[in-house]
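What follows is each chain in one-letter form.
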Amino acid sequence: MSASLPSMSLASIDAALCLRLLMLMLVAQVGCELLSRALGRRLSRSARLLAWSLPLVLLAPWLMAPAGGERLLVPTDVLRWLPDAPRVEAPGRHDLLNDAIYQFLPWELEVRHALSEGRLPLWSDRLDGGSSPWANPQAGVLSPLHNLARPIPIQHFLLAMLVLKLLVAIQGSWLLARLAGAGNGPSLLAGTGFGLSGGMMAWALFPHTATLAWVPWLAAATVALARRPHPRRFAVTALIAALTLLSGHPETAVAGAVFAGLCGWCLRRRGASAVRDGLAFARWVGAAAVLGAALAAIHLIPFAHVLGDSQRAAETVARPLLEGAALPAALPKVFVPEFADFLQAPAHPRAYGVPYRDEFQGPINWVDASSGYGGLVAWAGAWIALVGWLGFGGLGRAMIQRRFSWRRVFPFLAFAVLSLLLAARFVPLMWLMDFLPALRAPAWTRFLLVGCLALNVAAALAFEALRRRRVPWVVGLALVLAGGISLAVQWDGWGLGLWVVLAGAVWLASLGVGRQRRFRRWAVPVAFLLMGGVQLLDQFPWSRSHLPAGSPGLFYPRGPFVEEIHRAASSPAEVPGTSQAMAPSRVIGGDLLAYPSLMTVWNLAEVRPHNPLADMRYIAALRGAFGFNPSMNAYVSPVRNLDHPLLDFLGVRAAVLSLGVAKPETLVQADDGRFYPYFVFRNPEALPRWFFPSSVEEVEPGAVEEWIRRLDRGDRVAVEAAAGLAVQEAFRGAPPRPLRLERGLQVLSLEPAATERLLATSNLGPEGWRAEGDGESLTTLRINGAFLGVRVPSGVRQVELRYLPPGWRLGFTASALATLLWSGFWIAAWRRSRTG
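Caption draft 1: Local environment of the overall build of the protein. Across its full length, the protein holds 29 helices and 15 strands. Per-residue burial over the protein gives 60% buried out of 836 residues. Of the contacts formed within the protein by residues at least 6 apart in sequence, a portion of 75% connects residues at least 24 apart. Carbon and sulfur atoms form 60% of the exposed surface of the protein, whose accessible area is close to 31,900 Å².

Next up, the structure:
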């Protein structure tokens, strides 16, 4: 089941990489220690040992030195198509994870470039036709784990991130289980199960898990605050909420917030009045959530500005979850058919086959379908908790007598069930949610990631109750139900054997209760060791099967082919000192070649966006010219018709084509055919990034895409009729000359004119751009539906264009004020502890 990985020896371990990882883990451990102590609970030695050993053992094959056959935790196989790439064995099993190559690592490199230049990554000219990494959550600009891993070389960045995410997630889930009432042994099972679950491992390379790792901490802090309100706990809860929101994936953060709120409400300390309880809960927990959001406002507000006009929002809000089905007609289905198979995910690791080895037989893809698997131990424990919560046999009484009341089990079971219903699109829920279009935007399958945590904590509580009272028959009933469903989903001898061992371990734990002290002393520990063994045998190889073993030789190789693209894309008049800041010329790939944002890694500016936050107006412009139309269902989209004049407007000077792509008549082949069947073409008609148009036409806002479709010259531009632009004639003077190009700063020299003129650019805008001419503010407007235009008065000699993400100043102010308020709470808590 595991990937084909090199054999290890002591001499082949990459000592330098391991030493760096250990240092980063030590820093993360210090942070976890401080947070746990602030919440009133210390991490046990066994929890620390588990959180350190499990990631290192799991990822040991990736900690190999090159001499031992190094493998990268990167799906580099997707780059085997490059004509001069090294010829290595590349099975391509994990090509589905190509987002790591085409999105996450290019975004990370852009952030690193900006930070290395001493600038904030507010703007990148190379990504998505020009975009802001700051406003893109998945770029992780302010993510604590991203920033902690950034000292690691880029080829090992995803490996370092996974190590840190597992360390934080395991200790957080242990802490949550302990606060919920489980003992150390069951809590360790919860930490192991969640760390190796589909929520963490199916999304191991994605920013989702950087957020997911903080969810158990957020839930634990909410429970601690709801039980015993205190300024220190309030401040810590707000801080953890901010860390969760900044970590890279808002949907996972929303799911985590719902889960944390449910846990806090059900596990709160009850008072005499439900109304008073509600007011106290809202006052403390609600205020902590607001303060946490305010601390993260410097990122959240720019993100909110981008989200409103994004492809994701435009597409999902407009499409009903039930695709127009009325409730009476849809009810007989219960679940939307293509999503109903999500219900099988928690029952068996091979519900859809062996991940990335067998032919996929589930919903959507391996990543989404595997999200709900929390382990067989968690599945069994959840069923035990369910029958105990329902009061069967003596287990329900045992839970009540030992203060494991329904309130302790309910939030975890309820959220696990809710996550399954949302992922499987339970028709009544979807019908209700369609009444509020905003609820159509989230990908509800992301709730499964947090559902894995809920399932494992529910199991920990069940095992804790189990070892306190002997109830063998009801446990047997639960195991029969859990095992029967699991084996019905996928019958195999391996699974049957695991269920037999697991049943024996559960029986032994239950049998130890009420026996002689000597018998109990060894029976319960042995039972939990057996459960832990089942977890490792079940989840360890399954988890590894989700991880790619990429070849270092295919990690963005820069050979003659890439150099040829650079030569074809070179501008006649390059600006000194701008090679790392801005590329005056752009490139594109025909059809699906060199898909975004691959070429940005080689310092080439890409026109095509590959980001769900891409501006829908920009996609409409590309759709009108090239038929480029990515969607949530068709995530990648081909590019056609490279003869269209918008290619000239965009400043695209080089194109990568292949034998199967029609040769554009307006482009000239730049290579000598040595890269057959791939070719590099040059566009001799490419315009500068800033120019004065030959004509300006007024169009209605809804007609821009059709106008672009009929465009016959790249230097013609369209403005909306409401812009009030009076200039219609071409300016015959010299074109603008760039003086200084930096990230988000462009200084142009102009030949003065006697009349007002329109400066056209292929920068996306005008939102976020501020223009000044000779020190005076200039009016900006939108041209060609999605780009920045500037009205330049007569006599202006120099124009400065500066970008700041919309809402950045407001977000900075809100975060600064929230930081002062948070500091006040922390100081008050410190003084209270000193005087108390």
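And the narrative resumes.
Caption draft 2: Representation of the side chain of Arg-350. The topology assignment puts Arg-350 in the loop between α15 (327-330) and α16 (366-369). Among the polar contacts listed, one links the side chain of Arg-350 to the side chain of Asp-492, at a separation of 3.5 Å.

Caption draft 3: Representation of the packing of aromatic side chains. A complete count under the given rule lists 30 aromatic pairs for this structure. With a centroid separation of 5.0 Å and 75 degrees between ring planes, the pair formed by Trp-203 and Phe-206 is classed as edge-to-face. Residue classification places Phe-206 among the buried residues on the basis of a relative accessible area of 8%. Pairing Phe-649 with Phe-787 gives two aromatic rings, centres 5.0 Å apart and planes at 75 degrees, and the pair type is edge-to-face. Note that Phe-649 is positioned in helix α27 (residues 646-649) and Phe-787 in strand β14 (residues 787-792), a separation of 138 residues in sequence. On the basis of relative accessible area, Phe-787 is assigned to the buried category, the value being 0%.

Caption draft 4: Structural view of the nonpolar core. Core analysis: the largest hydrophobic core is formed by 188 residues, its most contacted members being Phe-259, Phe-412 and Phe-463. Not counting residues within four places of it along the chain, the set of residues in contact with Phe-412 comprises Leu-176, Ala-180, Phe-259, Cys-263, Leu-267, Ala-454, Val-457, Ala-458 and Leu-461. Of all hydrophobic cores here, the second largest spans 39 residues; its members include Leu-622, Ala-625, Leu-646 and Leu-650.

Caption draft 5: Spotlight on the packing of helix α5 (residues 157-180) against helix α6 (residues 184-195). In contact at an axis separation of 8 Å, α5 and α6 are set at 145 degrees when each is read in the N-to-C sense. When you trace α5 past α6, the crossing you get is right-handed. Judged by residue contacts, Leu-166, Ala-169, Ile-170, Ser-173, Trp-174, Ala-177 and Arg-178 of α5 engage Asn-184, Ser-187, Leu-188, Ala-190, Gly-191, Phe-194 and Gly-195 from α6. Counted by class, the contact of α5 with α6 contains eight nonpolar, five polar and one charged residues.

Caption draft 6: Inspection of the pattern of salt bridges at higher detail. Scanning the entire structure with this criterion turns up 32 salt bridges. Among the ionic pairs, Arg-617 bridges to Asp-615, the shortest N-O distance being 2.9 Å. Note on Asp-615: relative accessible area 25%, which makes it partly exposed. A network of salt bridges, in which partner residues are shared, links Asp-309, Asp-615, Arg-617, Glu-767 and Arg-782.

Caption draft 7: Structural view of the sheet that holds strand β2 (residues 605-606). With mixed pairing, five strands are arranged side by side in an open sheet as β2-β1-β3-β5-β4. A strand with exactly one partner marks an edge of an open sheet, and here the two such strands are β2 and β4 (668-669). Here β4 pairs with strand β5 (residues 678-682) via two bridges, running antiparallel. The partner of Val-668 across the bridge, within β5, is Arg-682.

Caption draft 8: Expanded view of the packing of helix α1 (residues 15-38) against helix α2 (residues 45-58). The N-to-C vectors of α1 and α2 enclose an angle of 150 degrees; their axes lie 12 Å apart at closest approach. Overall, the two elements α1 and α2 adopt an arrangement that is roughly antiparallel. Crossing handedness for the pair α1 and α2: right-handed. Where α1 abuts α2, its residues Leu-22, Met-25, Leu-26, Gln-29 and Glu-33 lie against Arg-48, Ala-51, Trp-52 and Leu-56. Taken together, the residues that form the contact of α1 with α2 break down as six nonpolar, one polar and two charged.

Caption draft 9: Region of interest: the environment of Glu-706. For Glu-706, the position within the fold is in helix α28 (residues 704-709). Sequence separation between Glu-706 and Ala-625 is 81 residues, and the spatial gap between their C-alpha atoms is 9.1 Å.

Caption draft 10: Representation of the environment of Leu-142 within the structure. Tracing the sequence through the fold places Leu-142 in the loop between α3 (99-116) and α4 (144-149). Relative accessible area serves as the criterion here: at 29%, Leu-142 is assigned to the partly exposed category. Separated by 154 residues in sequence, Leu-142 and Ala-296 have C-alpha atoms that sit 9.0 Å apart. With near-sequence residues (within four places) excluded, Leu-142 lies in contact with Trp-134, Asn-147, Leu-246, Ile-298 and His-299.

Caption draft 11: Quick peek at the confidence of the model for the protein. Of the residues in the protein, 88% have a pLDDT of 70 or more, and the chain-wide mean is 86. The low-confidence segment residues 575-580 (pLDDT under 50) makes 11 contacts with residues lying over four places distant or belonging to another chain.

What counts and how
- Residues numbered from 1 in each chain as written.
- Predicted model: local features only at pLDDT ≥ 70, side-chain atom pairs only at ≥ 80, totals over all residues.
- Heavy atoms only, no water.
- Helix = DSSP H or I, 4+ residues; strand = E, 2+ residues; numbered from the N terminus.
- Buried < 20%, exposed > 50% of the residue type's maximum accessible area, 1.4 Å probe, protein only.
- Contact = heavy atoms within 4.5 Å.
- Areas by Shrake-Rupley, 256 points an atom, 1.4 Å probe, with all protein chains shown as cover.
- Polar contact = N/O pair within 3.5 Å; in protein donor to acceptor, adjacent residues only side chain to side chain.
- Phe/Tyr/Trp six-rings, centres within 6.5 Å; stacked < 30°, edge-to-face > 60°.
- Core = buried A, V, L, I, M, F, W, Y, C linked by side-chain atoms within 4.5 Å.
- Axes fitted to C-alpha atoms, helices over the stretch in contact; angles between N-to-C directions.
- Left-handed = near helix turned anticlockwise from the far one by under 90°.
- Nonpolar A, V, L, I, M, F, W, Y, C, P; charged D, E, K, R; others polar.
- Salt bridge = Lys/Arg side-chain N within 4 Å of Asp/Glu carboxyl O.
- Pairing = 2+ DSSP bridges.
- Parallel < 35°, antiparallel > 145°, perpendicular 65-115°, else oblique.
- pLDDT = per-residue confidence, 0-100.

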